[in-house]
Amino acid sequence: MSGKRDRLYFEAMRILACFFVIFNHTEVEGFFLYLEQEQTSLRFWWYLLVSVVCKFSVPLFFAVSKAGFLGVRSQPIW
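Remember, it's a predicted structure, so these values are computed and weren't measured experimentally.

(A) Highlighting the environment of Y9. Inspection of the secondary structure puts Y9 in helix α1 (residues 2-24). With 55 residues separating them in the primary sequence, Y9 and V64 have C-alpha atoms 9.7 Å apart.

Shown next as structure tokens:
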């Protein structure tokens, strides 16, 4: 049962990372929204936090995708 739960966690991380990768490409409509806010507002800091966090999504997506393939391969890579 632990293997299924681990697989579910990997899939959840991949879905979340996929969302942030898409958000990373939204430019002015999403990623750069913090530039339109006052620096003292809570929205500025929220949008800035989301924009910074989404930069970790691409390596996370590749790492989680590769981790999912490790158990599937039956032949060695070399």
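From this point on, the discussion continues.
(B) Highlighting helix α2 (residues 42-53). In a regular helix each residue adds 1.5 Å, so 12 residues correspond to 16 Å; α2 covers 17 Å between its end C-alpha atoms and thus fits that length. Here α2 has its buried residues at F44, V50 and S51. An end-on view of α2 places all buried positions within 135° of arc, on one side of the element. In α2, the exposed positions angled more than 90 degrees off the buried face are occupied by L42 and W46.

(C) Just the packing of aromatic side chains, in detail. The final tally for this structure, using the stated rule, is 6 aromatic pairs. Considering the side-chain rings of F19 and F20, the 5.3 Å spacing of their centres and the 65° angle between planes classify their relative orientation as edge-to-face. Here F20 falls in the buried class, since its relative accessible area comes to 15%. Between the aromatic rings of F44 and W45, the centroid separation amounts to 5.0 Å while the plane-to-plane angle is 85°, which identifies the pairing as edge-to-face. Take W45: its relative accessible area is 49%, and that puts it in the partly exposed class. An aromatic cluster is present here, built from F31, F32, Y34, F44 and W45 joined pairwise through their rings.

Thresholds, definitions, all that
Residues numbered from 1 in each chain as written. Predicted model: local features only at pLDDT ≥ 70, side-chain atom pairs only at ≥ 80, totals over all residues. Heavy atoms only, no water. Helix = DSSP H or I, 4+ residues; strand = E, 2+ residues; numbered from the N terminus. Expected span 1.5 Å × (residues − 1). Buried < 20%, exposed > 50% of the residue type's maximum accessible area, 1.4 Å probe, protein only. Arc of directions from axis to C-beta. Phe/Tyr/Trp six-rings, centres within 6.5 Å; stacked < 30°, edge-to-face > 60°.

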